[in-house]
Amino acid sequence: MGNETKQLRGGAMLMLTALIWGTAFVAQSVGMDYLGPCAFTAVRNFIGCVALLPVIGLASRMRSGAQPEEAAPAPGKKALFGWGAACGLLLGGATLLQQAGMQTASAGKAGFLTALYIVIVPVLGIFLGRRPGLKVWMGVVLALVGAYLLSVKGGAGIASGDLLVIASAVVFSLHILVIDSVPAGVDGVRLSCVQFLVAGAFALVLALFLESFTWRDILSAWVPLLYTGVVSSGVGYTLQILGQRTVNPTVASLILSLESVFAALAGWAILGQALSLRELFGCALVFVAVILAQLPSKKGRAINGKG
């Protein structure tokens, strides 16, 4: 019962993450009006890092006030910064590729191509000794078809940025798998803070060499930067780390693929962009895929690679 409750809580965290990421596509598109992909990625990650500092301070005070036997053991700094650096480099590379691809790829097509991680994760998992069950593979197929119906419209050709977005999906997949390998003793919020710092530094170095921007450009983009930095990065990626602690990476990728559904629903509710019958059917398929992947097996266990 306790394990099932943890899985449900982790799934809820990942669902909220998908909602946040889905609505962030609009902010990312608007931000490109003021900053290049490297500068935008750098600033949003630094904002995400700073936004977590008060949370870390509050958590530290709560631990110091707890009884010695109740206080959680502090994670080793070497493990924290080592895993944080690995996650940060992958996160920085993935978001850079996605942001650069969105310069030419439409938001809908970018959403579908990014969702390819729902296929890439289980494929990469095979090389790591993981064998997803039949229901998970069925969920992968349904989610992929649903994302296609939802995001790709008409017979538009392949945009020049599509390959960059596909590459970002590969790196996002590696990021998901690395997070799944982080030892349980490493604090998730601190890890998220470190990964944002590393991702921001990585993107900033590239921005200084490849792009030209000023403080006025950054201030002009303050709304999309705050949303993607505080909400999408600070809250979203932290919820991803915490949620994946109890959810199989393939199932996690399926839940996170709901970002394309939430992106379409947000456009409908906020921007008045009506959903066609085709798009609604795509939403339904993705939801069915997520439910199917989380159904318990015949042995009464939910699909979970963490035992």
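The rules we used
Residues numbered from 1 in each chain as written. Predicted model: local features only at pLDDT ≥ 70, side-chain atom pairs only at ≥ 80, totals over all residues. Heavy atoms only, no water. Helix = DSSP H or I, 4+ residues; strand = E, 2+ residues; numbered from the N terminus. Buried < 20%, exposed > 50% of the residue type's maximum accessible area, 1.4 Å probe, protein only. Contact = heavy atoms within 4.5 Å. Areas by Shrake-Rupley, 256 points an atom, 1.4 Å probe, with all protein chains shown as cover. Axes fitted to C-alpha atoms, helices over the stretch in contact; angles between N-to-C directions. Parallel < 35°, antiparallel > 145°, perpendicular 65-115°, else oblique. Left-handed = near helix turned anticlockwise from the far one by under 90°. Patch = residues over 30% accessible without salt bridge, like charges linked within 9 Å, V, L, I, M, F, W, Y side chains within 5 Å. Salt bridge = Lys/Arg side-chain N within 4 Å of Asp/Glu carboxyl O. Expected span 1.5 Å × (residues − 1). Polar contact = N/O pair within 3.5 Å; in protein donor to acceptor, adjacent residues only side chain to side chain. Nonpolar A, V, L, I, M, F, W, Y, C, P; charged D, E, K, R; others polar. pLDDT = per-residue confidence, 0-100.

Chemist: Account for the overall build of the chain, naming residues and giving values.
Modeler: A tally of helices and strands in the chain yields 13 helices and zero strands. Sequence-ordered secondary structure for the chain, helices as α and strands as β, is α-α-α-α-α-α-α-α-α-α-α-α-α. The buried share of the chain, taken over its 307 residues, is 49%. Sequence separation of at least 24 residues holds for 92% of the intrachain contacts in the chain that already meet a minimum separation of 6. Counting every atom, the chain has about 14,500 Å² of accessible surface; 71% of that belongs to carbon and sulfur.

Chemist: Please set out the packing of helix H3 (residues 77-101) against helix H7 (residues 162-181) residue by residue, giving values where relevant.
Modeler: Each pair of packed helices can be summarised by the angle the axes make with each other and by the distance between the axes. Where H3 meets H7, the axes come as close as 8 Å, and the angle between the chain directions of the two elements is 160°. Classified by the interaxial angle, the pair formed by H3 and H7 is roughly antiparallel. Considering only the axes of H3 and H7, their crossing is left-handed. Across from Trp83, Cys87, Leu90, Leu91, Gly93, Ala94, Thr95, Leu97, Gln98, Ala100 and Gly101 in H3, the residues of H7 making contact are Leu164, Val165, Ala167, Ser168, Val171, Phe172, Leu174, His175, Val178, Ile179 and Ser181.

Chemist: Describe a nonpolar patch on the surface, naming the residues involved and giving the relevant values.
Modeler: Where nonpolar side chains cluster on the molecular surface, the patch consists of Leu204, Val205, Leu208, Phe209 and Leu210 and spans about 560 Å² of accessible area. Here Val205 is to be found in helix H8 (residues 188-210).

Chemist: Please set out H8 residue by residue, giving values where relevant.
Modeler: The terminal C-alpha atoms of H8, which comprises 23 residues, lie 32 Å apart, in line with the 33 Å expected from a rise of 1.5 Å per residue. Within H8, burial applies to Gly188, Val189, Leu191, Ser192, Cys193, Val194, Gln195, Phe196, Ala199, Gly200, Ala203 and Ala207. Where H8 starts, the residue carrying a side-chain oxygen 3.1 Å from the main-chain nitrogen of Val189 turns out to be Asp187.

Chemist: With reference to specific residues and values, describe the packing of H7 against helix H11 (residues 249-256).
Modeler: Relative to each other, H7 and H11 sit at 130°, their axes nearing to 10 Å. If you check the angle between H7 and H11, you find them oblique. Crossing hand, H7 versus H11: right-handed. The residues of H11 that touch H7, namely those facing Ile176, Leu177 and Asp180, are Pro249, Ser253 and Leu256. The residue inventory of the contact of H7 with H11, partitioned by class, reads four nonpolar, one polar and one charged.

Chemist: Mind laying out the side chain of Gln28, listing which residues take part and the relevant values?
Modeler: Mapped onto the elements, Gln28 comes out in helix H1 (residues 2-31). Using a relative accessible area of 4% as the deciding quantity, one classes Gln28 as buried. Of note is the side chain of Gln28, whose polar atom sits 2.7 Å from the side chain of Gln99. Not counting residues within four places of it along the chain, the set of residues in contact with Gln28 comprises Phe40, Arg44, Gln98, Gln99, Met102 and Thr228.

Chemist: Would you mind going over the environment of Gly92 in detail, with residue names and values included?
Modeler: As for its position among the elements, Gly92 is in helix H3. Not counting the four nearest positions on each side in its chain, Gly92 is found in contact with Thr41, Ala199 and Phe202.

Chemist: With reference to specific residues and values, describe the side chain of Ser168.
Modeler: Here Ser168 lies in helix H7. Ignoring anything within four residues of it in the chain, the contact list for Ser168 reads Ala94, Leu97, Gln98 and Thr114.

Chemist: Which residues make up the environment of Cys193, and what are the values?
Modeler: With respect to the helices and strands, the residue Cys193 is situated in helix H8. A sequence separation of 146 residues divides Cys193 from Ile47, and the C-alpha atoms of the two residues are 10.0 Å apart. Residues contacting Cys193, with those up to four places away along its chain left out, are Cys49, Leu52, Leu53 and Ile56.

Chemist: Tell me about the confidence of the model for the chain, and name the residues and values.
Modeler: When pLDDT is averaged along the chain, the result is 79; 83% of the residues meet or exceed 70. Of all the helices and strands in the chain, helix H4 (residues 107-114) carries the lowest mean pLDDT, 70, while H8 carries the highest, 92. The model gives residues 299-307 a pLDDT under 50, and that stretch makes 20 contacts with residues more than four places away or in other chains.

Chemist: Got a sec to walk through the environment of Gln103? Specific residues and values, please.
Modeler: Within the secondary structure, Gln103 sits in the loop between H3 and H4. Overall, the relative accessible area of 51% leaves Gln103 in the exposed class. In contact with Gln103, not counting residues within four places along its chain, are Met32 and Pro37.

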